[in-house]
Amino acid sequence: MTSDLTRLTASEMSDLLSRKEISSVELTQAHLDRTAAVDGTVHSYLHVDTAGALAAAKAVDEKRAAGADLHLMAGVPIAVKDVMATKGLPTTCGSKMLEGWIPPYDATLVTKLRAAGMPILGKTNMDEFAMGSSTEHSAWGPSHNPWDLTRIPGGSGGGSSSVVASFQAPLAIGTDTGGSIRQPAAVTGTVGTKPTYGGVSRYGLVALASSLDQAGPCARTVLDTALLHAVMGGHDPRDSTSIDAPVPPVVEAARTADVSGLTIGVVKQLGGAGYQAGVRARFDESVQLLVDRGAKVVEVDCPNFDYALAAYYLILPSEASSNLAKFDAMRYGLRVRPEGVDDPSAEQVMAASRDAGFGDEVKRRIILGTYALSSGYYDAYYGQAQKVRRLIADDFSRAFEVADVLVSPTAPTTAFPIGEKLDEPMAMYLNDVATIPANLAGVPGMSLPSGLADEDGLPTGIQILAPATMDERLYAVGSALERALVEQWGGPLLDRAPDLTAHPSAHPTADPKEA
Amino acid sequence: MSLTRDDVAHLASLARIDLSEAELDRMLGELTVILDAVALVQQAPTDGVEPMSHPLPLTNVTRPDVPRPGLTAEEALSGAPEQEQQRFLVPRILAED
């Protein structure tokens, strides 16, 4: 019986909990059991907090038994990406630099999860400091795609996408700097939203690129994604870029699922050459389903999106090179002394520690950012990228004058084999070509499953984009499309994913799990 | 303009990362490919365009100047590589002579 609980949606779990038909301890234990059974092969988690999750579940059950007024999501367990500071729980960001670091404080969104009574199951794997599209840049080895364990689960949030796709958690926290929530969702047949920039507090999110980073929800259904969005979102005085307004009515929009009279803009620049045939076919069918449900479709022209990838890979490394300067081996994190140097200086220790603690991709981006910001090249690279950023934001403004939401395929391809793009940084960067414009402009975006590609049988994703602060539109459109698709499929897409317990549980990579 | 191996070594020293000889060689090749690709921004129609540093209009944010609790010394030092007398212990800052 308990193993069946993991197949429920978070919304169903919440209903059963509030009717006292199940306890949070039962529900949490069912997920921990599932992790014990499958995470040896999937490797979603860097750390599982068995004791902490069960203690939080027990506390919620006791409050409920005592008749306390609880949050709607109380007792529903969740996994948290390892980039969020969690008091008392290791937080490594997928890096040797932070091996063993236990933050003395909680990120604001973690505080909100705890206040809502949501047991934290553990911390999920990611590309080091969120730099990557596959989790292969994690210092602890890649996570695996539950649809095909030889393939990537997307990145950087491949731990969070695979953890929900493999039913180890109904919900997970992700962060999205250039697509790290949406692209993993697309390649694992799950749902993920990057809220409007400033919609969710960044306090306690270990920064990659501060003007692009946004935390958001990962789940298996659009409604579950909305329910988590509502828990995470809202103003935080500790993040001066957080929006001082209520969370948009995302849950209501997901429940109503009304697209009649909406105009949907298909972005001309996102979806042509370079996109896999099966990805395009499922996208076109999804657009037609929205038309069948009463939406109108127009094509929109965003000519400057063609420069988005180039601008992003200047702006991101520039901000990252500055943000990651704090890993200096002085106050926390790895400290390594250079070999063969007697009584080394602080600077020598710093340089040796950063060489030992950072992986290749992180070094690459820090050095690229250092170059883009250096005098003599600043105007040609960073300065020029900032102007392109404005052009992209202007393209969005014009597009939203004629369309209520924009749509595109989320990623150009389905999940690729682990190892295929590891030695070609530019090939890896191209995975984010459709998701990056939203981060540059700060607008919200969602990915949800659009089906399976005919050529490889792997999940494809459709991306929905809305104007800043209009996040509810993502949920109205996403939910309407999900209903139409599930009706067509005769059940959720993930029902067709392989049974992971049939695989031998041999894990190919080093695993630092502690609890 | 093309990057040289000396440029990469200089950038690595600015970024305080000790790169091995092999890392320098690899990084030079990879950065050259990436820089060629991102140089596309120089072809965008940006005449008269204002640079954009942040996605949303920013206004200054202030709060009342009242004390609020922070980390204790013990908490702040909890991740320190080395500590002494409730202080971060760091390698020497100045040269000996």
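One can find the structure itself at the top, above this paragraph.
Summary of the structure given here. Source: prediction; values computed, not measured.

1. Some words on the overall build of chain B
The helix and strand inventory of chain B stands at three helices and two strands. Secondary structure of chain B in N-to-C order comes out as α-α-α-β-β. Relative to a compact globule of 97 residues, whose C-alpha radius of gyration would be 13 Å, chain B shows 23 Å and is clearly more extended. Dimensions of chain B along its principal axes, counting C-alpha atoms only, are 55 × 45 × 25 Å. A total of 97 residues make up chain B; the buried ones form 30% of that total. Accessible surface for chain B amounts to roughly 6900 Å². Of this, 52% is attributable to carbon and sulfur atoms.

2. Some remarks on the state of the cysteines
Residues and elements named next belong to chain A. Counting across every chain of the model gives zero disulfides over all chains. The structure places no disulfide on Cys-93, whose sulfur is separated from the nearest cysteine sulfur, that of Cys-218, by 16 Å. Of the residues examined, Cys-93 reaches a relative accessible area of 0% and is grouped as buried. Among the residues examined, Cys-218 registers a relative accessible area of 6% and is labelled buried.

3. What to know about the sheet that holds strand S5 (residues 191–194) of chain A
Residues and elements named next belong to chain A. If you trace the 11 strands from one edge of the open sheet to the other, you get S1-S3-S2-S4-S6-S5-S10-S11-S9-S7-S8, paired in mixed fashion. Two strands close off the open sheet at either side, each with one partner strand: strand S1 (45–48) and strand S8 (296–300). Ignoring which end each strand starts from, the neighbouring axes of this sheet average 30° apart. One ladder, built from seven bridges, connects strand S10 (residues 445–452) with strand S11 (residues 459–465); its direction is antiparallel. By the bridge assignment, Leu-452 is partnered in S11 with Pro-459.

4. So, a nonpolar patch on the surface
Residue and element names in this part refer to chain B. A contiguous nonpolar patch, built from Phe-88, Val-90, Ile-93 and Leu-94 and spanning about 400 Å² of accessible area, is present on the exposed surface. With respect to the helices, strands and loops of the structure, Phe-88 is situated in strand S2 (residues 87–88). Judged by relative accessible area, Phe-88 falls into the partly exposed class, the value being 34%.

5. Some remarks on the pattern of salt bridges
For the structure on display, the rule yields 27 salt bridges over all chains. Of the charged contacts, one joins Arg-202 of chain A and Asp-239 of chain A as a salt bridge, the two residues approaching to 3.9 Å between their closest N and O atoms. With Arg-202 of chain A in the loop between S5 and strand S6 (214–219) and Asp-239 of chain A in the loop between helix H8 (222–232) and helix H9 (250–256), this pair connects stretches of sequence that are 37 residues apart. Asp-239 of chain A sits in the buried class, given a relative accessible area of 7%. Two residues, Glu-23 of chain B and Lys-363 of chain A, come together in a salt bridge whose shortest N-O distance is 2.6 Å. Here Lys-363 of chain A lies in helix H13 (residues 360–373) and Glu-23 of chain B lies in helix H2 (residues 21–38), a pairing that spans two chains. Across the pair, Lys-363 of chain A and Glu-23 of chain B agree in class, each one buried. Taken together, the shared-partner salt bridges in this structure form one network comprising Asp-360, Glu-361, Arg-364 and Arg-365 of chain A together with Arg-26 and Glu-30 of chain B.

6. Quick look at the interface of chain A and chain B
Listed by partner, the interface residues are 62 residues for chain A and 52 residues for chain B. Around 5200 Å² of area is buried between chain A and chain B when both sides are counted, 67% of it from carbon and sulfur atoms. Three residues stand out in chain A for area buried against chain B, namely Ile-367, Tyr-371 and Arg-390 of chain A, and they jointly supply 12% of the buried area on that side. The interface formed by chain A and chain B contains eight salt bridges. With its nearest N and O atoms 2.9 Å apart, the salt bridge here joins Arg-337 of chain A to Glu-82 of chain B. The element best represented in the side of chain A that touches chain B is helix H14 (residues 379–402) of chain A, accounting for 11 residues. Of the residues that constitute the side of chain A that touches chain B, the class distribution is 36 nonpolar, 11 polar and 15 charged.

7. Let's talk about the pairing of strand S4 (residues 171–176) of chain A
Residue and element names in this part refer to chain A. Buried residues dominate S4, accounting for six of its six residues. Of the two faces of S4, both are covered, the one formed by Leu-171, Ile-173 and Thr-175 as well as the one formed by Ala-172, Gly-174 and Asp-176. Across two bridges, strand S2 (residues 78–81) lies against S4 in parallel orientation. Each bridged residue has a counterpart across the sheet, and for Ala-79 the counterpart in S4 is Ala-172.

8. Focus: the packing of H8 of chain A against helix H17 (residues 472–489) of chain A
Residues and elements named next belong to chain A. Between H8 and H17, the shortest axis-to-axis distance is 9 Å and the interhelical angle comes to 155°. By the criterion of interaxial angle, the relationship of H8 to H17 is roughly antiparallel. Taken together, the residues of H17 that come into contact with H8 (itself represented by Val-222, Leu-223, Thr-225, Ala-226 and His-229) are Tyr-475, Gly-478, Ser-479 and Glu-482. Considered class by class, the residues forming the contact of H8 with H17 number four nonpolar, four polar and one charged.

9. Overview of the pairing of S10 of chain A
Counting buried residues in S10 of chain A gives eight out of eight residues, a clear majority hidden from the surface. Two successive antiparallel strands, S10 of chain A and S11 of chain A, enclose a turn made up of six residues, where Gly-457 of chain A displays a positive phi of approximately 70°.

10. Topic: helix H3 (residues 24–42) of chain A
Residue and element names in this part refer to chain A. Remark: the principal bend of H3, roughly 45°, maps to Ala-36. Among the residues of H3, those classed as buried are Ser-24, Leu-27, Thr-28, Ala-30, His-31, Leu-32, Arg-34, Thr-35, Val-38, Asp-39, Thr-41 and Val-42. Where H3 terminates, the next one or two residues include His-43, which has phi positive at roughly 60°.

Procedures and definitions
Residues numbered from 1 in each chain as written. Chains lettered and ligands numbered in written order. Predicted model: local features only at pLDDT ≥ 70, side-chain atom pairs only at ≥ 80, totals over all residues. Heavy atoms only, no water. Helix = DSSP H or I, 4+ residues; strand = E, 2+ residues; numbered from the N terminus. Rg over C-alpha atoms; globule rule 2.2 N^0.38 Å. Buried < 20%, exposed > 50% of the residue type's maximum accessible area, 1.4 Å probe, protein only. Areas by Shrake-Rupley, 256 points an atom, 1.4 Å probe, with all protein chains shown as cover. Disulfide = S-S within 2.5 Å. Pairing = 2+ DSSP bridges. Axes fitted to C-alpha atoms, helices over the stretch in contact; angles between N-to-C directions. Patch = residues over 30% accessible without salt bridge, like charges linked within 9 Å, V, L, I, M, F, W, Y side chains within 5 Å. Salt bridge = Lys/Arg side-chain N within 4 Å of Asp/Glu carboxyl O. Contact = heavy atoms within 4.5 Å. Buried area = accessible area lost by both parts, 1.4 Å probe. Nonpolar A, V, L, I, M, F, W, Y, C, P; charged D, E, K, R; others polar. Parallel < 35°, antiparallel > 145°, perpendicular 65-115°, else oblique. Bend = angle between axes of the 7 residues up to and from the residue.

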